[in-house]
Every structure is written in C-alpha cells, then in structure tokens.
Amino acid sequence: MANVITDEMIEYVGILAKLQLSDEEKEQAKKDMGSMLDYVDKLSELDTAGVEPMSHVFPVNNVFREDVITNSDKSGDMLANAPKEKNGSFVVPKTVE
C-alpha cells in the first residue's frame, strides 16, 4: 500500500517542526516519509498472535531489593555532631512561624 504524502502535509509538518524547507528538501522529505510509512505498513503484515508484549529489551525480574539493616543504631554518634540535641533528636531552627 503506497502512502501518499501531499504538499500540504509536508508544509504542516514543517510548521510543527519549525523548519523552512526548500522545494528540493520538501520533495526529499515526501519520499522519505512515504517510505517510512510503507515500512510501518509492512511491519503490520507480521503475525504477532501469541507473542507476549515486551516492556523492556532485557529480561528484568524484580528490580527492588529487600530492605536489610546493615548497621547498628549509631544515633549517639550522629547526635554528637549535632549543634543542639534534645531527647535523642536534632534541634533545628524554626522555619515557619
């Protein structure tokens, strides 16, 4: 099935893409767009029955890992660096009145 690309379509695409094309470039773009659409039509002829849709090129299983505690509670060490501390927490300046 031959896709027909009109001059109006090329003008419209040129406006959308903010391109100023010469007449030669418009003719080449018409040929290129037509061949791209013909290729897409050719792809639609493929039998894809039973083919599972793919969301990623590589097989991806579970990308999330379990949360594992790797260090002990060192809150005392952290609070030692705080400018102010109260009841085991940092004291910060009030930002909203």
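Rules of the game
Residues numbered from 1 in each chain as written. Predicted model: local features only at pLDDT ≥ 70, side-chain atom pairs only at ≥ 80, totals over all residues. Heavy atoms only, no water. Helix = DSSP H or I, 4+ residues; strand = E, 2+ residues; numbered from the N terminus. Rg over C-alpha atoms; globule rule 2.2 N^0.38 Å. Buried < 20%, exposed > 50% of the residue type's maximum accessible area, 1.4 Å probe, protein only. Contact = heavy atoms within 4.5 Å. Areas by Shrake-Rupley, 256 points an atom, 1.4 Å probe, with all protein chains shown as cover. Lys, Arg positive; Asp, Glu negative; His and termini not counted. Charge placed at Lys NZ, Arg CZ, Asp CG, Glu CD. Patch = residues over 30% accessible without salt bridge, like charges linked within 9 Å, V, L, I, M, F, W, Y side chains within 5 Å. Salt bridge = Lys/Arg side-chain N within 4 Å of Asp/Glu carboxyl O. pLDDT = per-residue confidence, 0-100.

Some remarks on the overall build of the chain
Across its full length, the chain holds three helices and two strands. Since a compact globule built from 97 residues should have a radius of gyration of about 13 Å, the 31 Å found for the chain marks it as more spread out than a globular shape. Referenced to the eigenvectors of the C-alpha coordinate spread, the extents of the chain come out at roughly 75 × 45 × 25 Å. Out of the 97 residues in the chain, the part that is buried amounts to 8%. Long-range pairs, those at least 24 residues apart, make up 40% of the contacts in the chain between residues at least 6 apart in sequence. Put simply, the chain shows about 9700 Å² of open surface, and 56% of that area lies on carbon and sulfur atoms. Once the 10 positive and 19 negative side-chain charges of the chain are each reduced to a mean point, those two points are 13 Å apart.

Points about a nonpolar patch on the surface
The grouping of Val57, Phe58, Val60, Val63 and Phe64 at the surface amounts to a nonpolar patch, some 590 Å² of accessible area in total. Assignment of secondary structure puts Val57 in the loop between helix 2 (23-43) and helix 3 (75-80). A residue is classified by how much of its surface remains accessible, and Val57, at 64% relative accessible area, is exposed.

Quick word on the confidence of the model for the chain
This prediction gives the chain a mean pLDDT of 85; 96% of its residues lie at or above 70. The element-level mean pLDDT for the chain is lowest in helix 3, coming to 82, with helix 1 (residues 7-16) highest at 93.

Focus: the pattern of salt bridges
The final tally for this structure, using the stated rule, is three salt bridges. Between Lys26 and Glu11 there is a salt bridge, and its shortest N-O distance comes to 2.3 Å. On the criterion of sequence distance, the pair formed by Lys26 in helix 2 and Glu11 in helix 1 is long-range, its members being 15 residues apart. Take Glu11: its relative accessible area is 37%, and that puts it in the partly exposed class. Between Lys30 and Glu27 there is a salt bridge, with its nearest N and O atoms 3.7 Å apart. On the criterion of helical spacing, the pair formed by Lys30 and Glu27 is a turn pair, its members being three residues apart in helix 2.

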